[in-house]
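Structural overview
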Amino acid sequence: MTPETFFAALWRQYTELTPQAARIHGALKARGETVLNDHVAFRTFNLAPMRLQDLEPWLLEMGYERLEPYQFPGKHLDAWGYLPRTPELPRIFFSELRVEALPEDCQAIIKGLVDQVDPDSVNGPDFFYRGLPWALPTAEEYLRLAEVSEYAAWMSVMGMRANHFTVAVHQLRSFDQLSALNEFVKQEVELPLNTAGGEIKGGADVCLAQSSTLADQCRLRFRDGTDMVVPTCFYEFAQRFRLPDGSLYQGFVANNADRIFESTDRRRAG
Ligand code: NI
């Protein structure tokens, strides 16, 4: 599969559950902007057959190279950043949850889900947009996961898909600062931003400034028949700055990403 085909399929799946991303993208294009993707983020559990190490080969096969690892001890997450073979393609940020760090009842819920994944079905890059590779949990299981790990709860109902796409703010022509794009999103597109840790995470001092919307929502019918509204995915905005040698910073910043993860928290779900 070519990276172009891969990202086109991912975007289609992502915008179905994240209509706000298509709205913002459309509003930027209507202003005459060409929107480039800074990065796309994926999530997974560290359980075979869908550990990061099980899925990474498909990224490498599409020409991606490992950049560096990141740790989020407070959220029991590990991640890797990947760089594309050409600068037109997005970087990839791929995180996984250390399931063994959660309480035993939560581990059992997650193992019950991952046990339903046929290892033979994890056979190509399309697994990244497989959607839910297991039956939905019960509402009680979902809420128990959410108490302990918002990330685990999100994975249990969203499965495999892009968690977010990201507008490369440094590539936009009519916005010279992330703060200006934030105002545009709030005032013109009328969408709220994630304010956890402040609207803008990072800045020129760490060569990367980021902001994000709050996740869209959808109504799900859980396995026990309960209907509930859950967060889906969000859109991110990233402005990269130049290093002293003049090159654009390519990495991620764990301190920024730590609060970006919270864009899918349930606090807005009703
Ligand atoms: Ni991101």
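**Quick notes on the nonpolar core**
Grouped together as the largest cluster of nonpolar side chains are 86 residues, with contacts concentrated most on I110, L181 and F237. Counting residues per element, this core draws most heavily on helix α6 (residues 150-158), which supplies 7 residues. Residues within four places of L181 in sequence aside, it is in contact with L28, V167, V169, L172, F175 and F237.

**As for the packing of helix α5 (residues 139-148) against α6**
Contact geometry for α5 and α6: axes closest at 5 Å, N-to-C directions at 150°. As judged from the angle between their axes, α5 and α6 are roughly antiparallel. Mapping the contact onto sequence places Y142, L145, A146 and V148 in α5 and E150, A152, A153, S156 and V157 in α6. Considering only residue class, the contact of α5 with α6 consists of 7 nonpolar, 1 polar and 1 charged.

**A word on the coordination of the nickel ion**
For the nickel ion, the full set of protein donor atoms is H39 (NE2), H164 (NE2) and E236 (OE), at a range of 2.1 Å. One chain supplies every donor to the nickel ion, and in sequence these donors are spaced H-x124-H-x71-E. Pair noted here: H39 is in strand β1 (residues 37-45) and E236 is in strand β10 (residues 234-240), with a separation of 197 residues, a long-range link. For the pair H39 and E236, one class covers both residues: buried.

**Considering the packing of aromatic side chains**
One pass over the full model with this rule turns up 24 aromatic pairs. Note on F6 and F42: the rings are 6.2 Å apart at their centroids and 50° apart in plane angle, and the pair reads as tilted. One end of the pair, F6, is in helix α1 (residues 3-17); the other, F42, is in strand β1, and 36 residues separate them in sequence. Both residues of the pair, F6 and F42, belong to the buried class. Where W11 meets Y14, the ring centres are 5.5 Å apart and the plane angle is 45°; that geometry is what we call tilted.

**Here's the deal with the layout of surface pockets**
As a volume, the largest pocket reaches approximately 260 Å³. Around the largest pocket, the lining is made up of 13 residues, and of these F7, H25, V35, N37 and F165 lie nearest the centre. Top element by residues in the lining of the largest pocket is α1. It accounts for 4 residues. In this structure, the second largest pocket is lined by 16 residues; those nearest its centre are P87, E88, L89, R91 and Q250.

**Regarding empty space enclosed by the protein**
Rolled over the atoms, a probe sized like a water molecule indicates the empty space that remains. This model, assessed by the stated rule, comprises 2 cavities of 30 Å³ or more. Space inside the largest cavity adds up to approximately 110 Å³. Lining the largest cavity we find 15 residues, and of these A41, F93, H164, A257 and I260 sit closest to its centre. Among the elements of the structure, β1, β4 (91-97), β10 and α8 (254-260) are those that each provide at least two residues to the lining of the largest cavity. If one sorts the elements of the lining of the largest cavity by residue count, β1 sits on top with 4 residues.

Cut-offs and rules
- Residues numbered from 1 in each chain as written.
- Predicted model: local features only at pLDDT ≥ 70, side-chain atom pairs only at ≥ 80, totals over all residues.
- Heavy atoms only, no water.
- Core = buried A, V, L, I, M, F, W, Y, C linked by side-chain atoms within 4.5 Å.
- Buried < 20%, exposed > 50% of the residue type's maximum accessible area, 1.4 Å probe, protein only.
- Helix = DSSP H or I, 4+ residues; strand = E, 2+ residues; numbered from the N terminus.
- Contact = heavy atoms within 4.5 Å.
- Axes fitted to C-alpha atoms, helices over the stretch in contact; angles between N-to-C directions.
- Parallel < 35°, antiparallel > 145°, perpendicular 65-115°, else oblique.
- Nonpolar A, V, L, I, M, F, W, Y, C, P; charged D, E, K, R; others polar.
- Donors = N, O, S within 2.8 Å, 3.2 Å for Na, K, Ca; no water.
- Phe/Tyr/Trp six-rings, centres within 6.5 Å; stacked < 30°, edge-to-face > 60°.
- 1 Å grid on protein atoms, 1.4 Å probe; cavity = no way out; pocket = protein on both sides within 12 Å on 5 of 7 lines; lining within 4 Å.
- Points joined across faces, edges and corners; volume = space filled by probe spheres on them.

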